[in-house]
Amino acid sequence: MLFAVLCTDKPNALQVRMDTRPEHIEFLNDLNAKGGLAFAGPFLDDAGKPNGSLVVIKAETIEDARAIAAADPYAKAGLFATVDIKPWNWVFNKPEA
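The record in UniProt for the chain states the following under Sequence similarities (unreviewed entry): "Belongs to the YciI family."

### A short note on the UniProt feature "domain: YCII-related" (unreviewed entry) in the chain
Residues given the UniProt feature "domain: YCII-related" (unreviewed entry) here are residues 1–89. Taken end to end, residues 1–89 has its terminal C-alpha atoms 8 Å apart, with 38% of it in helix and 38% in strand.

### Brief notes about the nonpolar core
Judged by nonpolar contacts, the single largest core of 17 residues is most densely connected at Phe 3, Val 5, Leu 37, Val 55, Ile 57, Ala 65 and Ile 85. Those elements that provide at least two residues to this core are β1 (2–9), α1 (14–33), β3 (50–58), α2 (62–71) and β4 (80–88). Here Val 5 is in contact with Ser 53, Leu 54, Val 55, Ile 57, Ala 69, Val 83, Asp 84 and Ile 85, once residues within four sequence places are set aside.

### Description of the sheet that holds strand β2 (residues 37–44)
If you walk across this open sheet you meet the 4 strands as β2-β3-β1-β4, and the pairing is antiparallel. Either end of the sheet is taken by a strand with one partner, and the two such strands are β2 and β4. When strand polarity is set aside, the average angle formed by the axes of neighbouring strands in this sheet is 15°. Its contacts with the sheet put α1 on β1, β2, β3 and β4, and the angle it makes with β3 is roughly 15°.

### As for the packing of aromatic side chains
For the structure on display, the rule yields 4 aromatic pairs. Their ring planes at 80° and their centres at 5.7 Å tell us that Phe 39 and Trp 88 sit as a pair that is edge-to-face. One end of the pair, Phe 39, is in strand β2; the other, Trp 88, is in strand β4, and 49 residues separate them in sequence. Judged by its relative accessible area of 28%, Phe 39 falls in the partly exposed class. Overall, Trp 88 belongs to the partly exposed group, its relative accessible area being 33%. Taken together through their ring pairs, the aromatic side chains of Phe 39, Trp 88 and Trp 90 make up a single cluster.

### A few points about unusual backbone geometry
The general pattern is negative phi for most residues beyond glycine and trans for most peptide bonds. Although it is not a glycine, Asn 12 sits at a positive phi angle of roughly 60°. For Asn 12, the location among the structural elements is in the loop between β1 and α1. Despite not being glycine, Asn 93 shows a phi value in the positive range, around 60°. Position of Asn 93 relative to the elements: it lies in the segment after β4. Exposure remark for Asn 93: the relative accessible area of 74% places this residue in the exposed category.

Thresholds applied
- Residues numbered from 1 in each chain as written.
- Predicted model: local features only at pLDDT ≥ 70, side-chain atom pairs only at ≥ 80, totals over all residues.
- Heavy atoms only, no water.
- UniProt positions renumbered as here; feature names shortened; annotations may be inferred.
- Helix = DSSP H or I, 4+ residues; strand = E, 2+ residues; numbered from the N terminus.
- Core = buried A, V, L, I, M, F, W, Y, C linked by side-chain atoms within 4.5 Å.
- Buried < 20%, exposed > 50% of the residue type's maximum accessible area, 1.4 Å probe, protein only.
- Contact = heavy atoms within 4.5 Å.
- Pairing = 2+ DSSP bridges.
- Axes fitted to C-alpha atoms, helices over the stretch in contact; angles between N-to-C directions.
- Phe/Tyr/Trp six-rings, centres within 6.5 Å; stacked < 30°, edge-to-face > 60°.

What follows is the structure, given as structure tokens:
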């Protein structure tokens, strides 16, 4: 099952994001290699700077999705003000379709 992980950064946390980015990318690359990542990328503010994340992951249950999201180095660094995890159905432009 797919889960959308919608994250909003804390205010003025861009430096935390930039400092933690290498570990975050490594985490996502590992998740992708294991078949657990559908796609991911940052949300951008009006100036084009990242201020949140959208990560769509493959997991058996919402509890598994929560555990994956909690293991993200961004989450461990305290970057996010909010994290919302929702079951998601990929309908249009799905690569396997």
